[in-house]
Amino acid sequence: MADEANSLEDLKDLTEGAAKDAPAADDSGAEVIEAAEVIEVVHADPVIDSLGRSYATGKRKNAIARVWIKPGSGKFTVNGRDQEVYFARPVLRMILLQPFEVTDRVDQFDVICTVKGGGLSGQAGAVRHGISKALTFYEPGLRPALKAEGFLTRDSRVVERKKYGRAKARRSFQFSKR
């Protein structure tokens, strides 16, 4: 703490001293980069089990989905049923296929998932989150594309709880003048 700068003159002296110690510039004008300053980008290894599958957990609202993906023909099983049976609405099936469409992997992976809690919309969002995470575990190079679309972010919005003295979470009881 003895080298503490207490005035503007001390700061000026410190900056002049730092300028003298700065790396020298080449004739081209570019600074010389030391070996310690170079940052390497390292891609993670795929996480695949002995059966050739990748596993991930997806969450949305109160729904939790356990998702396994493996290379295949695009078969999709949710809680032991086909996706068309479990998610009857086309919008929900579209949500499930979004990670595959973004990464151009449609009909290349078989998906087996179990999902609990919440409603169908929350369950579809949980399965999409799980598929996205499992794809990044299977092929780590897909992470930037999925991250850019926001599929790897857990949507933390949940229903607000009801408070006492209120009809719902925020709604008051109807006012009566008499």
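In what follows, the structure referred to is the one given above.
Residues numbered from 1 in each chain as written. Predicted model: local features only at pLDDT ≥ 70, side-chain atom pairs only at ≥ 80, totals over all residues. Heavy atoms only, no water.

Helix length check: helix α4 (residues 120-138) (19 residues) gives 26 Å between terminal C-alpha atoms against 27 Å at 1.5 Å per residue, within 8%. Here α4 lies mainly inside the structure; 14 of its 19 residues are buried. (Helix = DSSP H or I, 4+ residues; strand = E, 2+ residues; numbered from the N terminus. Expected span 1.5 Å × (residues − 1). Buried < 20%, exposed > 50% of the residue type's maximum accessible area, 1.4 Å probe, protein only.)

Core analysis: the biggest nonpolar cluster contains 28 residues, and I69, F76, V127, I131 and L135 have the highest contact counts within it. Looking at this core, the elements with two or more residues in it are β2 (63-71), β3 (76-78), α3 (90-102), β5 (109-116) and α4. Take this core: its biggest share by element is seven residues, from α4. In contact with I131, not counting residues within four places along its chain, are V67, F76, L96, P99, F100 and V111. (Core = buried A, V, L, I, M, F, W, Y, C linked by side-chain atoms within 4.5 Å. Contact = heavy atoms within 4.5 Å.)

Now for the pairing of β2. Side-chain positions along a regular strand alternate between the two faces of the sheet. With seven bridges connecting them, strand β1 (residues 54-60) and β2 associate as antiparallel partners. Its bridge partner lying in β2, R60 is registered against A63. What sits between β1 and β2 in their antiparallel hairpin is a turn of two residues, with K61 showing a positive phi close to 50 degrees. For β2 and β5, the ladder comprises eight bridges, and the chain directions are antiparallel. Each bridged residue has a counterpart across the sheet, and for V67 the counterpart in β5 is C113. (Pairing = 2+ DSSP bridges.)

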